[in-house]
Amino acid sequence: MDAAAGFQPSEHQHRRRNPLRGDWVLVSAHRMRRPWQGQLEEPPEEDVPRHDPANPLCPGAARASGKVNPHYESTFIFDNDFPALQPDAPEPEAEDHPLFRAASARGVCKVMCFHPWSDLTLPLMSLAEIRRVVDKWAEIAAELGSSYSWVQIFENKGAMMGCSNAHPHCQIWASNFLPNEASLEDQTQREYHQEHAVPMLLEYAQLEAERKERVVVENADWLVVVPYWATWPFQTLLLPRRHVCRLQDLQESERDSLASIMKRLLTRYDNLFQVSFPYSMGWHGAPTGPYLEANCGHWQLHAHYYPPLLRSATIRKFMVGYEMLAQAQRDLTPEQAAERLRNLPEHHYRLDPKETR
Ligand code: H2U
Ligand code: ZN
């Protein structure tokens, strides 16, 4: 019997390979039919006050360090008062056995507020406001990247993703080393480039743009897909259509179109379960600092969005048991997730039908 006869990805479990991480995900879409009696999450707080003098991220407020924020009117970057990385840590002692290896970790941690108002999120900001966030990202990536090997820009949104403060913000951690994900993606992209003579994610974007079934939104410069190998239910990958190594390499028009595609994606995310959609997102681009001189031809700039929600605003995906001990598993297919996101309106559910921003 032909084992492939009648195979349907939405019906029949199978494995898909993630070429960026070199690992596999188990796709078992039929599991979406099972009843849910597990934990229900608290839906996010929707009535956040616009300004709270006691909120350390607000303009004019005092932070834990005692420093007082300026009355900022756009974006605002400050040094994290509880940094996981500091510039001046001493070297760990030389190892006495290969099973007890340590290495130096130096860096800086910053916090970037997107807007002076606590009750806004990126999808509810205007394009001009989002564009200012994009510009600040590029600026800080270049500034810290002049000396540090890796500048990780990331946003934890929503309490479910460990975000401690509803005020719209992200974090920037710059380090003198390549973190695990960075070094893995550096290796997989390098190998792909050596073998196929094209940047992996540039080729991937071209293929997805032709195939369409995993595309969520696109414009002249950018493409958002639920990647073929997605592990989180509504995970997406934001990709440029041309070869771009780093955020700071984006041209003016590409920054505008990035603001636009982010607003469209994040509005769809919020509309999916009519809730301010939680996620962790972050940017990956070619390494910096000592790597600035090296060839970055294998690298392609991209952003990952990892949202935890599965079925509703209160039912999340847990990456536990099998995922922790064996490998990642997902319940609906990436094609089904993309189709649901693609079919959503781009008018934010919290705005009146005629209201725009
Ligand atoms: P998260 O919501 O993603 O945790 O980010 C908020 C960051 O803001 C967090 O890393 C920092 C925390 O250390 N912070 C300060 O630096 N100063 C403060 O007064 C409060 C919070
Ligand atoms: Zn990546």
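Residues numbered from 1 in each chain as written. Chains lettered and ligands numbered in written order. Predicted model: local features only at pLDDT ≥ 70, side-chain atom pairs only at ≥ 80, totals over all residues. Heavy atoms only, no water.

Caption draft 1: Region of the structure containing the state of the cysteines. This model, assessed by the stated rule, comprises one disulfide. For Cys-245, the disulfide goes to Cys-296, at an S-S distance of 2.5 Å. Taking the sign of the S-S torsion, 95° for the link of Cys-245 and Cys-296, the bridge is right-handed. Pair noted here: Cys-245 is in the loop between β9 (236-240) and α4 (252-273) and Cys-296 is in the loop between β10 (279-284) and β11 (302-306), with a separation of 51 residues, a long-range link. Cys-296 shares its class with Cys-245; the two are buried. Of all cysteine sulfurs in the structure, the one in Cys-170 sits closest to Cys-109, which takes part in no disulfide; the separation is 12 Å. (Disulfide = S-S within 2.5 Å. Helix = DSSP H or I, 4+ residues; strand = E, 2+ residues; numbered from the N terminus. Buried < 20%, exposed > 50% of the residue type's maximum accessible area, 1.4 Å probe, protein only.)

Caption draft 2: Quick peek at the sheet that holds strand β14 (residues 328-330). The three strands lie next to each other as β1-β2-β14, forming an open sheet whose pairing is mixed. The sheet terminates laterally at β1 (14-18) and β14, the two strands that pair on one side only. Strand-to-strand twist of the sheet, defined as the mean angle between neighbouring strand axes without regard to direction, takes the value 35°. Here β1 runs beside strand β2 (residues 23-27); their pairing, made up of five bridges, is antiparallel. Bridged to Arg-15 within β2 is Leu-26. (Pairing = 2+ DSSP bridges. Axes fitted to C-alpha atoms, helices over the stretch in contact; angles between N-to-C directions.)

Caption draft 3: Region of interest: the site of ligand 1. Ligand 1 sits among 15 residues. The nearest are Ala-64, Asn-80, Asp-81, Ser-164 and Gln-171. Asn-80 is positioned with one of its side-chain polar atoms (N or O) 2.7 Å from an oxygen atom of ligand 1. Between ligand 1 and His-169, the relevant distance is 2.9 Å, taken from an oxygen atom to a side-chain nitrogen or oxygen of the residue. Residue classes in the shell around ligand 1 are distributed as six nonpolar, seven polar and two charged. (Near = heavy atom within 4 Å. Polar contact = N/O pair within 3.5 Å; in protein donor to acceptor, adjacent residues only side chain to side chain. Nonpolar A, V, L, I, M, F, W, Y, C, P; charged D, E, K, R; others polar.)

Caption draft 4: Inspection of the nonpolar core at higher detail. Trp-137, Leu-238, Trp-283 and Tyr-305 are the most contacted members of the largest nonpolar core, which totals 58 residues. Broken down by element, this core gets its largest block of residues, nine residues, from α4. Contact partners of Trp-137, with chain neighbours within four places excluded, come to Met-112, Phe-114, Ile-153, Cys-170, Leu-247, Met-262, Met-281 and Trp-283. Ranked by size, the runner-up nonpolar core spans 12 residues in total, among them Met-200, Trp-229, Leu-237 and Leu-239. (Core = buried A, V, L, I, M, F, W, Y, C linked by side-chain atoms within 4.5 Å. Contact = heavy atoms within 4.5 Å.)

Caption draft 5: A look at the coordination of the zinc ion (ligand 2). Every protein donor of the zinc ion (ligand 2) is listed here as Glu-185 (OE), Glu-185 (OE), His-284 (ND1), His-302 (NE2) and His-304 (NE2), and their distances to the metal cover 2.0 to 2.2 Å. On the primary sequence, the residues serving as donors to the zinc ion (ligand 2) are separated as E-x98-H-x17-H-x1-H. In this pair, His-284 sits in strand β10 while His-302 sits in strand β11, placing the two residues 18 residues apart along the sequence. Here His-284 matches His-302 in class, with each residue buried. (Donors = N, O, S within 2.8 Å, 3.2 Å for Na, K, Ca; no water.)

Caption draft 6: Up close: the sheet that holds strand β5 (residues 150-157). If you trace the nine strands from one edge of the open sheet to the other, you get β3-β4-β6-β5-β10-β11-β9-β8-β7, paired in antiparallel fashion. Both edges of this open sheet fall to β3 (76-79) and β7 (215-218), since each of them pairs with a single strand only. Between one strand and the next, the sheet's axes are offset by a mean angle of 20°, whatever the strand orientation. As paired strands, β5 and strand β6 (residues 169-175) are joined by five bridges and run antiparallel to one another. Across the sheet, residue Val-151 finds its bridge partner in β6, namely Ala-174. Against the sheet, helix α1 (residues 127-145) touches β3, β4 (107-113), β5, β6 and β10, its axis set at about 145° to β5.

Caption draft 7: View of α1. Helix length check: α1, at 19 residues, gives a terminal C-alpha distance of 26 Å against a target of 27 Å (1.5 Å per residue), a fit within 8%. What α1 keeps buried is the set Ile-130, Arg-131, Val-133, Val-134, Trp-137, Ala-138, Ile-140, Ala-141, Leu-144 and Gly-145. Looking at the buried side of α1, the elements it contacts are β3, β4, β5, β6, α4 and β10. (Expected span 1.5 Å × (residues − 1).)

Caption draft 8: Geometry of the side chain of Lys-110. Tracing the chain through its elements places Lys-110 in strand β4. For Lys-110, a relative accessible area of 14% puts it in the buried group. Reaching out from Lys-110, the side chain makes a polar contact with the side chain of Asp-79 at a distance of 2.7 Å. Residues within four places of Lys-110 in sequence aside, it is in contact with Ile-77, Phe-78, Asp-79, Asn-80, Ile-140, Leu-144, Cys-170, Gln-171 and Ile-172.

Caption draft 9: Region of interest: a nonpolar patch on the surface. Together, Phe-318, Val-320, Met-324 and Leu-325 make up a nonpolar patch on the protein surface, roughly 440 Å² of accessible area in all. Tracing the backbone shows Val-320 in the loop between β13 (315-316) and α5 (321-325). (Patch = residues over 30% accessible without salt bridge, like charges linked within 9 Å, V, L, I, M, F, W, Y side chains within 5 Å. Areas by Shrake-Rupley, 256 points an atom, 1.4 Å probe, with all protein chains shown as cover. Salt bridge = Lys/Arg side-chain N within 4 Å of Asp/Glu carboxyl O.)

Caption draft 10: Examining the side chain of Arg-316 more closely. With respect to the helices and strands, the residue Arg-316 is situated in strand β13. Those residues in contact with Arg-316 that sit more than four places away from it in its chain are Trp-36, Glu-41, Met-160, Trp-232, Pro-308, Leu-309 and Leu-310.

Caption draft 11: Structural detail: the packing of aromatic side chains. Summed over the entire model, instances satisfying the criterion amount to 14 aromatic pairs. Each ring, one from Tyr-204 and one from Trp-229, has its centre 4.5 Å from the other, and the planes form 40°; the classification is tilted. Here Tyr-204, found in helix α3 (residues 200-211), pairs with Trp-229, found in the loop between β8 (222-225) and β9; they are 25 residues apart in sequence, far enough to count as distant. When sorted by exposure, Tyr-204 lands in the same class as Trp-229, which is buried. (Phe/Tyr/Trp six-rings, centres within 6.5 Å; stacked < 30°, edge-to-face > 60°.)

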